[in-house]
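# Coordinate analysis (summary)
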Amino acid sequence: MLAAEAGVGSVAFPILTALILVPVIGALLVALVPKSRPEIPKVIALMSSVGTLALSLWLMASFETGDAGFQFVSKHTWIEPWGISWHLGVDGISLFLVVLTGVLFPLAIVGTDPHHDEKPFLAWLLMLQAGTIGSFLSLDLFVFFVFFEIVLVPMYFLIAGWGYENRVYAATKFFLFTMLGSGFMLVGLIATVAIASRDLGYTTFDLVEIAEGADFAASTGRWLFFAFAIAFAVKVPLVPVHTWLPDAHTQAPTAGSVVLAGVMLKLGTYGLLRFGLYLFPEASFWSRPLWLTLAVVGIVYGAIAATMQTDLKRLVAYSSVAHMGFIVLGTFAFTTQSLSGAVIQMINHGVSTGALFLLVGMIYERRHTRSIAELNGLQKVAPIFAAGFMVVMLSSIGVPGLNGFVGEFLILTGSFLTARWWTVVAAFGVILAALYLLWAYQRVFHGEPDEENQSFPELRVKEGLVLLPFLGLIVFMGVYPKPVLDRIEPSIDALISRVEDNTDFVEPEPTIRIGEHGGGEPADGDQPTDEEGDG
Amino acid sequence: MADLVWLIPAFPLAGVLLILLFGRRLGDPKAGYLATAMVFASFASAVLVFFDLLSRPTEERATVVTLFSWLPVGTFQVDMAFLADPLSIAMCLFVTGIGGLIHLFAVGYMHGDPKFSKFFLYLNLFVFSMTLLVLGENLLVTFLGWEGVGTCSYLLIAFWHTRESAATAGKKAFVTNRVGDWGVMLAMFLAFSAVGSLSYSVLNESAETGELAASTASAIALLLLLGATGKSAQLPLYLWLPDAMEGPTPVSALIHAATMVTGGVFLLTRINPVIAASYDWVPTTIAWIGVITALFAATIALAQNDIKKVLAYSTVSQIGYMMLAVGTGGYVAAIFHMITHAAFKALMFLGAGSVIHGMHDEQDMRKMGALRTVMPITAGTFIVGWLAIAGVPPFSGFWSKDEILLFALAESPALYIVGIVTAILTAFYMTRQVIMVFFGEAKWTSHANEAEAPEVAEGEEPAETHHAHGEFKPHESPPVMWIPLAVLAVLAAIGGVLNLPKLFGIPGGISYELEHWLEPVIEFGEADITGTWAYDNKYILVAIAVAAALAGIALAWLVYLKKRVKPWEPTLFANGWYYDAAVSWFMGKPGRDGFQAMTDFDAKIVDGAVNGAGVAVRESATQVRRGQTGYVRQYAGIIGIGVVLLLGWFVVIRGIL
Amino acid sequence: MLQQLDTFVGPEINWFALSPMLTLLGGTLVLMLAGALTPLWPKGLYAFATATIAGAAGVLAMVQWDDITDNGTRTLVAGVIAYDTLSMFTTITICIGVILVAMSSDQYLRDTPNDGPEIYALYLVAAIGGVVMASANDLIVLFLGLETLSLALYVLASSNRRSSESAESGIKYFVLGGFASAFFLYGIALVYGATGTTNISEMVAALQNGVDPFGNESLALAGTALLIVGLGFKVAAVPFHVWVPDVYQGAPTPVTAFMASVGKVAAFVAMLRVLVIALPFYRDDWRPIIWVLALLTLVVGSFLAVVQTNVKRMLAYSSISHAGFILVGVEAAAHGAGEADPGPGMPSVVLYLILYSVLVIGSLAVVAVVSRNSGGDTNLDSFTGLARRRPMLALAFTVFLLAQAGVPFTSGFIAKFGVIQAAVEVDSYAIAVIAMAAAAVAAFIYLRIMVTMWTSDPAVGADRVAIPFSTGAAIVAAVAFTLVVGIVPGWLIDAADTVTAYAR
Amino acid sequence: MIAAIGTTSYLLLAAALFAIGAFGLLVRRNPLIMFMCIELMLNAANLTFVALATQLGDINGQTAVFFVMVVAAAEVVVGLGILVSILRRRPGATADDLAELKG
Amino acid sequence: MNDASFLEYVVFFSAAIMILGGAIGVITLKNPVHAALGLVLTLFGVAVQFVAMEAHFLAAVQVIVYAGAIVVLFLFVIMLLGVDESIDLSIEPIPIQRPLAGVMAVGLVGLLGAAIVRAQDALVINPGSGIDTATETGNNDANIEQLAANLYGDHVFAFQLTSVLLIVAVAGTVLLTRKWPRDTGSTDSASENRSSDA
């Protein structure tokens, strides 16, 4: 039913392809700049990334609100003998991830500077952007896998080349961990195509055609789904395959951490939506107790681990584990609220955690330490910096009125309908989040600064300008998320109805009572408190 | 007119933005006056709305103003909407009114503080959030305010963040409140799954029409109660409030006495139909939590020497009374007491602030005494507050407390007895405080250095705060500070008129004003307990209450002024029944160890497994590598064995078998 | 007597069809003669001539490809040579290999110094052997081709007489190679006994119209076992891989490249000929063996590579694990062996072969360049900070390594993808998953080399490496091929898909 | 025509010869003798070929033997060439002495 | 059994003893020269078996090429490098080598033997066109002629391939035996080329 709208709103200009190509071209140009002109690369990188941002904003502007299907679809045969086509499209789920990618990279480029070899650094960064955007846009299994896999390379080089003391270990761990995961996905992906081709009568890697045309036997679908899910679980990351994340985050250069937390982790959750729920509705519904449990474990586990970290960056990394747990919880709760919450939480987590990493990076720039113990009293010497950190932190804690709350609350509200007890436990994550972040804040910013921290410089103008968009987004998304939600919801509804078509799952609709203002959908007689398909 | 309700939060918000932009330029004291002006403007608009509602027939006294759709997802439609109805407006009136006075006081109190403008930024932000809390049309907007005031209280408690104790207190307040918020959030989820909406109208309506299952209603009520215990500092979550006294005194007055801490009571009142719809034991639970907290806190207050700590515990105790009222159905009484308490407790806190100000940041009552001579206005106003809280007629506290005790007895004698005992204790420890501070002989003449009293050293504020004052000599505060005191004193004195009972002499025309006003929101009123023994014998209750108050005062008089009886201040009370200590120990020791263990598990076991795999590969490879000896004959041997195995497979297994 | 001679009529020989081999042969003779008669050729001319000859052969092969697509496949010279796209694909692959190796050899040989016509002649002869192996339709011919290739490689391996390692590798390779080919020969004999012929076509016919399936089977099975031994040795399948690390490390670097490309290609195609084409009748017997061999090869190759410190040796072990991958493809081909549509197995194998050949030649060419100024030392240390000294060279090597790791947009990914696809389509998931896991393990060494090149500063006094032109050209060509195929592989896949229509 | 002695006897003899050759290659350290062992194995193959050719009445087997002999000759030439080039430098080197490359 | 078959037995077993004895000699005799002589013995034995199987031409080639050329080459190299008896066979430096070799040898014999024995009663008799032998056709050259026809007929490609093989041998030896830097080596290599091409 999604294929039906495929092609709607497609424009003459292949904007999606352009979104991928602009960074690539930028990267090549940067790489080609002669060593003798060290100032040029940054300019080029900035131009290309800003160009990408502009394109993504244009995409968002011309996006058909209320259209559940894929838009701006462009499809060209790529590898004909294998039935692979360059098939791109964007829907409510991927739209804002693309925009987020477009927003984060210019900020990362401006806000951080590598200490050596700026040229390759920028080139890799742009490559990374192309890869992430590509994987968000691709509607062809092969294309998706290609991009999903290619992002490892730039990230690997960013960490290994510009990271901190243990960078090589962290980078290698990250690369191998993810590659191992995606190995399973590759097999599963090919198997999916092979089995689907038996139903379709022809071989194609086209996501939509497979999803529409093929119906997998329950057991088959489950195996295939798990092959995919392993890769995504590693990427998200879910406990217990999360241990690459703290190392990668801690060792990565600031820009790397920002991008890693901002967009790359989303590849996992996005994959779960697009290639789990959409491609294998039956299997993902069947296996949801597992995922819900893993998600909740991740929330609590990550929060607890974060509490006891002594390294500020590591703490933020573990908080990412917890936050991503929320997203997975929402994904596998199968309600409009939880799924919309999951999608919007991807954006919000990208913004908040990205900003947090940026700030931690600034602290490291100034003090050359990430150890919480060595930092104290910063609020006295750098109040504005502290204020910025405070706002970002509050959004990460999930204080209403800031963006972090919107996602978490929607996820929990929706999950409560279908996964009550998991939600009850997950809600503890909210308490723990306050605990570890405030404690860290107190240790780092409160108290009297000792002599090392006396000379801590205040927020510089450039840094402030970089931070400003983040703060703006944090407040805006917290106060008025409606425009975003409106664009997300149709795709989510389509996704859920797809799950309902393929399983005995029925999304529980709470009773809507007379006298309810605001446009609620007409009530169906579902008993609100009962939990369909649960347990 | 009532559509302008959005102005009420708008003004403080504007204040926030203005100070955010120009605060540093305005500086001390202009920023303060700006903030104050904003709050009073908000108060004015509240008054406007009030009269608008008043001009309407009773049943139409509710207007919903929807600004925009906040979280619209499928069936989950939450608007940023305000509900202007008697309850919310009543709350707004005293929140903004008293808040304005406290702002004014703070201008004087915070004079000279380097972060003067930031202080008022926070203060305005708080008022904004508080108005959101009370005006919220649905649980989520209320929650927005709820969390907002929590955040502001965190910021303000930790206002002097260079002080470790302040920072810790702030964190403690936030986290403890979060525990309560957990309940509130779950309540919201439950409400949504039950009635598909978070708006109070829908929720209450469904509760009244009985659509809401008793089980669900009870669950919602209890979860919200958990939230209330957090926000309103009841057992078991009260312990952040005493520490919150680390904040500047106006903060304690505004947030931790008058307004925020009553949020829980307000919330429960707001959803009173749900409580009504739930099982009978739910309100009873609320009542008992309230009354036990009241007694518990009162006992602790007996033995405190920090002037603010006494007030803090008395606040906890008084809110306990309100909870008792809520639990026994006396919602009006609860609101009534909330308002009167707001007045007199704010008064007393500000008085205390004035004293501290005059005493140059001395908080230990043992170092005071006879201050009435040097700061008469403060003393006078404080005494008014004292009489009010002690429950001496005709001061406001008497009426409200009496109303609550009436409902308590109507519910069960046990509640009543505990309540009366608490009343006696209240009168006692307040008298004790008044005597220690304003009467007796002056101990400040031989002002000892801070080193003697540790908790004083703790209560030390940054020296630069009061550079303005010269060498030590208690002095009266400037007008900007005592004018609010005076106004509040008046309110505290005559506050009772809001809801006079039908008693001797009192003309019926002016009685039960508040109850009539709240009629549309709260069905359950005094009318519902008519026929109970308590109702028929009001006079006796009044007599008992007065007697209790006087008894407490007299006793304290004997003990602390006449020194007839040796003071009885057990360390058990002084240390708050060691409850705080126990909790802190638990969090610090086993809790922390548990977390550490989990973290080690992550580092050693989970990550260890990953690295272990790597090591395993390397090790096994090193072993296999030994086989590659470099001897060509051995290579041939390996090949030969391979040949034999292959032949074995083909000839034996495939061929022969 | 006389009239007997009159009655004798030899088989008609389609000279055109044999032209690639004849070109190579003629080139060999020309090189040796001219090289001998005119001792001093201008530098690099040998390499150039070799490349030209190989190129000519390759072009001829392409021409014949068209002929085959038009007129269909057939067998030549009394049915001992298969004239089909499989042989042509291999021929082209081998020619490409020869061209690149010759180009990258030039400077190396002059440094050794070991310049002269012989080595190039041997390249060409070995190429002939490889082509014959790949297109043999008769086991005896196949054996002769194998020996031609092997003997040439033995000599080439030990050709650097300045280095004792080269000599050692030569002798090791020779002893073990002779050992293995003896097994292979004996296997041929046994199969001959079972089927009464060495000709593949007749063999298939004989087996299909079922010679008594009980008795002879044992001979044929034993023969199959020994054939697998011989071929397994050539393709370096564990446990017949033992020679690979030592020989690859000891042999002159270009020769190593030649072995890893041409040698492997010929051996694997010969394996396809023998097992898939000649013995589909016993596929259920030998498929499990291939499965096990693939498993062992993947695991041992990847694991042992991790603990190496010498880049050439690393590449040797990685080539073993690549062989494992190709064996996965062979295993997939086994499922459809002998049927009308043999499935994607064979195409995936030949695709992997051509892509991997270019990769490994390119990688070893870089190694050769780097080891020039480190005095032939190929330890990992000599790559330290290469990115600082020679960014472009480091970049090229990075591309090759990433491709070997199977990163998208490189030919290596296409190769792995094809093999895994083939395996999955015949439902052998287990080996596919194992292969991917092994690839992840093997990726470790590529990362290690890359880290050494990029993230560490060069040792003091490590001067910039001079990149000889011909080698540079070879590397550039290899990089271009790697990336182009990585991005637009369709044409090559189409070509590879045709090999399933083999002649027999 | 092989009335009395069945082909099997020849084949068994060849198998034995083959095994002996293989065994020798594993136990002898002198490279020359290792070569000889390879020759033994090749001869075993030859014997097998001829016996089977006679059995099958098919001349191709004998032709194969002819080729094998050529191969053997070439192999020995090359092998001895390599060997000489080594032993010139390291007289009396055994196969075990050539074990610098390992691991 | 008649005389002919008895004679065959004698021939077969004596030849078998020669073969195995020679082979044992090769792998046991310490002195390379003796080993080479053992090899000769084996080769003669094989030749005898060829004769017994009426493959006269192969028998002749066996004697000439193997016993003649190859063994002589061996002996030549041995002389060139000097006979050394330093290697003591009683000790085995690689511990498990001999057990390994034993296992392999036994395994080979056992498994191949098993295969052969199982195959024996199923071996088809003369399905092929048959081999012309002097005993059947009076023509003494029958075997040679048939072989020739087969060689230049069906196997002509292989036959030509052997020349390539020889080129390898030549080129290889030239490469291996040439002295560096290049000097006279070129001329003789050239002459060898010509001879091989002929």
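The structure contained in this document is the topic of the report that follows. (Residues numbered from 1 in each chain as written. Chains lettered and ligands numbered in written order. Predicted model: local features only at pLDDT ≥ 70, side-chain atom pairs only at ≥ 80, totals over all residues. Heavy atoms only, no water.)

### Here we look at the packing of aromatic side chains
All names here are of chain A. Counted by the stated rule, this structure contains 98 aromatic pairs over all chains. For Lys235, the ring lying beneath its charged end belongs to Phe148, and the centroid distance is 4.7 Å. Across the ring face of Trp439, the terminal group of Arg443 is positioned such that the distance to the ring centre comes to 3.7 Å. (Phe/Tyr/Trp six-rings, centres within 6.5 Å; stacked < 30°, edge-to-face > 60°. Lys NZ or Arg CZ within 6 Å of the ring centre and 35° of its normal.)

### Here we look at the interface of chain B and chain A
Facing 62 residues of chain B, the contacting portion of chain A comprises 75 residues. Around 6100 Å² of area is buried between chain B and chain A when both sides are counted, 69% of it from carbon and sulfur atoms. Contact with chain A buries surface across chain B, with Arg178, Phe189 and Phe595 of chain B losing the most and accounting together for 11% of the total. Scanning the region where chain B abuts chain A turns up one salt bridge. For Asp607 of chain B, the salt bridge goes to Lys173 of chain A, with nearest N and O atoms at 2.5 Å. Taken together, the links from chain B to chain A amount to 18 residue pairs in polar contact (both at pLDDT 80 or more). At the level of elements, β1 (63–73), β2 (76–84), α4 (139–157), α5 (164–195), α6 (200–208) and α24 (579–627) of chain B are the ones that each hand at least two residues to the side of chain B that touches chain A. Counted by class, the side of chain B that touches chain A contains 32 nonpolar, 17 polar and 13 charged residues. (Contact = heavy atoms within 4.5 Å. Buried area = accessible area lost by both parts, 1.4 Å probe. Salt bridge = Lys/Arg side-chain N within 4 Å of Asp/Glu carboxyl O. Polar contact = N/O pair within 3.5 Å; in protein donor to acceptor, adjacent residues only side chain to side chain. Helix = DSSP H or I, 4+ residues; strand = E, 2+ residues; numbered from the N terminus. Nonpolar A, V, L, I, M, F, W, Y, C, P; charged D, E, K, R; others polar.)

### Some words on the packing of helix α3 (residues 40–61) of chain A against helix α5 (residues 118–137) of chain A
Residues and elements named next belong to chain A. Relative to each other, α3 and α5 sit at 15°, their axes nearing to 9 Å. With respect to α5, the axis of α3 lies roughly parallel. The handedness of the crossing between α3 and α5 is left-handed. Contacts from Pro41, Lys42, Ala45, Ser48, Ser49 and Thr52 of α3 reach α5 at Glu118, Lys119, Leu122, Leu126, Gln129 and Ile133. (Axes fitted to C-alpha atoms, helices over the stretch in contact; angles between N-to-C directions. Parallel < 35°, antiparallel > 145°, perpendicular 65-115°, else oblique. Left-handed = near helix turned anticlockwise from the far one by under 90°.)

### Notes on the pairing of β1 of chain B
All names here are of chain B. Relative to β2, β1 is paired through nine bridges, and the arrangement is antiparallel. Along β2, the bridge assignment pairs Ser69 with Asp79. Remark: two residues form the turn of the hairpin made by β1 and β2, two consecutive strands paired antiparallel; Gly74 in that turn has positive phi of roughly 55°. (Pairing = 2+ DSSP bridges.)

### Here's the deal with the arrangement of the chains
Most contacts, among the eight pairs of chains that meet, fall between chains D and E. Chain A shows no contact with chain D. Their nearest C-alpha atoms sit 24 Å apart. Considering only C-alpha positions, the minimal separation of the non-contacting chain A and chain E is 37 Å.

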